[in-house]
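Listed here are the chains, written in short residue letters.
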Protein chains: 2
Amino acid sequence: MATIYEVSALAGVSLSSVSRVLNDHEHVSEKTKQKVMAAMEELGYRPNSVARSLASNRSNSIGVLVSELHGPFYGEMISSIEMELRKAGKHAVVTAGHSVEKSEKEGINFLIDRNCDAIIILIDSLSNEFLIELSKGSTPIVILNRLIPEIKENCFYIDNELGGYLATKHIIEQGHKELAYISGPLFKQDANERLNGHKRALNEANLKFDEELFYEGDFLTTSGRVGIDHLIKTKRKFTAAVCANDEMASGAMKGVRDHNMSIPQDCSVIGFDNVYFANYLHPELTTMNYPIKEMAKMSAQWILKNVYKRPDVFVNNKFTPELIVRDSITKI
Amino acid sequence: MATIYEVSALAGVSLSSVSRVLNDHEHVSEKTKQKVMAAMEELGYRPNSVARSLASNRSNSIGVLVSELHGPFYGEMISSIEMELRKAGKHAVVTAGHSVEKSEKEGINFLIDRNCDAIIILIDSLSNEFLIELSKGSTPIVILNRLIPEIKENCFYIDNELGGYLATKHIIEQGHKELAYISGPLFKQDANERLNGHKRALNEANLKFDEELFYEGDFLTTSGRVGIDHLIKTKRKFTAAVCANDEMASGAMKGVRDHNMSIPQDCSVIGFDNVYFANYLHPELTTMNYPIKEMAKMSAQWILKNVYKRPDVFVNNKFTPELIVRDSITKI
DNA sequence: GAACTTTTTGGAAGCGCTTCCAATTTTGAC
DNA sequence: GTCAAAATTGGAAGCGCTTCCAAAAAGTTC
């Protein structure tokens, strides 16, 4: 592999000059630029990114830490981040935290030790305090799906409470009065907020939140199914199941059918997130859109702007969930 | 950030010694080891991975190039690779090729320029010849989902033909005689092989392959739906739709329902891949299992063994698809 | 304790690039 | 044509580590 030395020798200019054309610096005459480019071409020169990183103290890599690398939600997110980054010549180093605090911390250290120029984080278990502390370190971080007031510039989030509210409001507007709720794990902030929104909508309609018709799941499909079993065992009547995400909603749909009820006639279902398979389901799932792609893209742009000083882009931190009406809710 | 110099000074030993304990070399006395470790601890020393890479000519990063970073299939794959790699202290740099030849080539160059120690590739458009040529370069590559005889040691694949055969055989055994086939794009090797397997099963049962009941889709959901529309327009009768992957199968299910037919009574459906949402569908989708997780893990282990000379692991290149019977096929 | 062998240590070069500083050349104004 | 300012170039140090080689220390054998 040719190095900058050989280019410099062949072109008959100094190392510095080669480096300057490599980095598109101002103050290089057209003539030397041509000579250098010709030499590079001839030698098939390719810059060694590691050497550049060491000398410039920039690795051009961005760490991405998510709960899991698979699953509909994270896939879209990573995809979106990578596209944006690569356009700018940066690369994404990905790793998973598995929703376990220890593992999440290790993930962060792993990425920092990899000399990432910045880290994008979407996790559940680490506390706000930890993240605030982390943000004081030398590696910039951006946080997805969580608003931490102390570092709100670095946060990209949706109004989960509003989402929860709108979902339930919609279902109430369809005439439903007895609602079951299948929640995400309440140690997760988003699960909590969605539940709060649900309660607010209930309140507003003068409906009571029924503890018996509440089930705390884990955001995974199976717990939607189990949730329905549990709910039905209570013998309490409900005409709709409000689910805190689409995966649980898909499980709930299965559960409902296993009890020989049909959707939406016997039991309506609403989800949250609008992951891509929500409209493969039958009936197609009514849900709240979570603009994860846009948020992911925005977080990448934030880094381009703040870490790499790329030309200004408009950055928006707060996103809004939107109702997507499909077929899983019936009017009563 | 403390460097190796400071550690060396504090511990009262030479740079080389510090480096040696850092890299777990033999020939370091217990005494100096202790001194060095204590110094590291005291300084909160963290090795600079970029500097290590430059000096050792190893970046400890593995490039992963796939068609898309999202989608059920690739998600599982990346997840599996990353877990295996990270256990070994290596990291994954991911990028997408979007099934476009030019873009796939760029992806490869991108990863090579990133000084990846090896690259894992799962793409569609690049030719075998190109990949053979690439494998002669200095960056080792491993190829998923394709068997290239000339470099078969570097390939991890399933027998797609067998899969296609088994799927169709199963459906024939249920009494179906009129089968429609929704294929993947035939420029993709796997799509082709699956189709061949389908034809072999047909042949074996003395059934004729009906060109009219064939539709070439693109492996995405929508084309399953469109495929069914097309098939129904032909007015040809068919009692089952064999789909070359699960995404198209889910689209096909939607299509069938849109025509007011029920699954599996009016039309049975079978998929391929067994992606995780296959059993969220209603009815749950009968499909062929594609052990992508195992294959991905194996490819990572191959790299650990061959590139990083980790202790021997058993490496298996060829995997077998297996029938997963669920509810989307009825007996006739 | 001499003569070897083996283990442990330190020194120094070098990985391929960036960047600061100073030197040189070019440009422009008069 | 002169002089100052601006543009362009080259030299050299340095980024933080690995690794080769030789020197020093420790063990072994007789």
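Refer to the structure presented above.
What you see is a predicted model, and the numbers here were worked out from it, not measured in a lab.

### Examining the pairing of strand E2 (residues 91–96) of chain B
All names here are of chain B.
Next up, step 1: In terms of residue burial, E2 counts as a mostly covered element, since six of its six residues are buried.
Next up, step 2: Of the pairings in the sheet, the one linking strand E1 (residues 61–66) to E2 comprises six bridges and is parallel in character. Paired with Val66 across the two strands is Ala96, which belongs to E2.
Next up, step 3: One crossover worth recording links E1 to the parallel E2 by way of helix H5 (residues 72–87), and it is right-handed.

### Some thoughts on the protein's contact with DNA strand C
Next up, step 1: Looking at DNA strand C, there are 25 residues lining it, with Ile4(A), Ser19(A), Tyr45(A), Ser29(B) and Thr32(B) nearest.
Next up, step 2: Backbone atoms, meaning sugar plus phosphate, form 59% of the atoms of DNA strand C positioned within 4 Å of the protein.
Next up, step 3: Ile4(A) has a polar backbone atom sitting 2.4 Å from a phosphate oxygen of DNA strand C.
Next up, step 4: Counting only elements with at least two residues in the surface near DNA strand C, the list comes to helix H1 (4–11), helix H2 (15–22) and helix H4 (49–56) of chain A together with helix H2 (15–22) and helix H4 (49–56) of chain B.
Next up, step 5: For the surface near DNA strand C, the element with the most residues is H4(A), which contributes four residues.
Next up, step 6: Here the residues of the surface near DNA strand C sort into eleven nonpolar, twelve polar and two charged.

### Regarding the pattern of salt bridges
Next up, step 1: A complete count under the given rule lists 34 salt bridges over all chains for this structure.
Next up, step 2: Among the salt bridges present, the one from Glu101(A) reaches Lys105(A), with a minimum N-O distance of 3.8 Å. Pair noted here: Glu101(A) and Lys105(A) are both in helix H6 (residues 101–113), with a separation of four residues, about one helical turn.
Next up, step 3: Of the residues examined, Glu101(A) reaches a relative accessible area of 41% and is grouped as partly exposed.
Next up, step 4: For Glu161(B), the salt bridge is made with Arg200(B), and the minimal N-O distance between the two is 2.8 Å. Of this pair, Glu161(B) sits in helix H8 (residues 160–173) while Arg200(B) sits in helix H9 (residues 189–204), and the two are 39 residues apart along the sequence.
Next up, step 5: Glu161(B) gets classed as partly exposed once you look at its relative accessible area, which sits at 22%.
Next up, step 6: Taking relative accessible area as the criterion, Arg200(B) reaches 35% and is therefore assigned partly exposed.
Next up, step 7: Each of Arg225(A), Asp229(A) and Asp258(A) takes part in one network of salt bridges that share partners.

### So, the environment of Gly89(A)
Next up, step 1: Along the polypeptide, Gly89(A) turns up in the loop between helix H5 (72–87) and strand E2 (91–96).
Next up, step 2: Given the relative accessible area of 29%, Gly89(A) is considered partly exposed.
Next up, step 3: Not counting residues within four places of it along the chain, the set of residues in contact with Gly89(A) comprises Phe110(B) and Arg114(B).

Here is what the cut-offs are and how they apply
- Residues numbered from 1 in each chain as written.
- Chains lettered and ligands numbered in written order.
- Predicted model: local features only at pLDDT ≥ 70, side-chain atom pairs only at ≥ 80, totals over all residues.
- Heavy atoms only, no water.
- Buried < 20%, exposed > 50% of the residue type's maximum accessible area, 1.4 Å probe, protein only.
- Helix = DSSP H or I, 4+ residues; strand = E, 2+ residues; numbered from the N terminus.
- Pairing = 2+ DSSP bridges.
- Right-handed = clockwise from strand over helix to strand, strands pointing away.
- Near = heavy atom within 4 Å.
- Polar contact = N/O pair within 3.5 Å; in protein donor to acceptor, adjacent residues only side chain to side chain.
- Nonpolar A, V, L, I, M, F, W, Y, C, P; charged D, E, K, R; others polar.
- Salt bridge = Lys/Arg side-chain N within 4 Å of Asp/Glu carboxyl O.
- Contact = heavy atoms within 4.5 Å.

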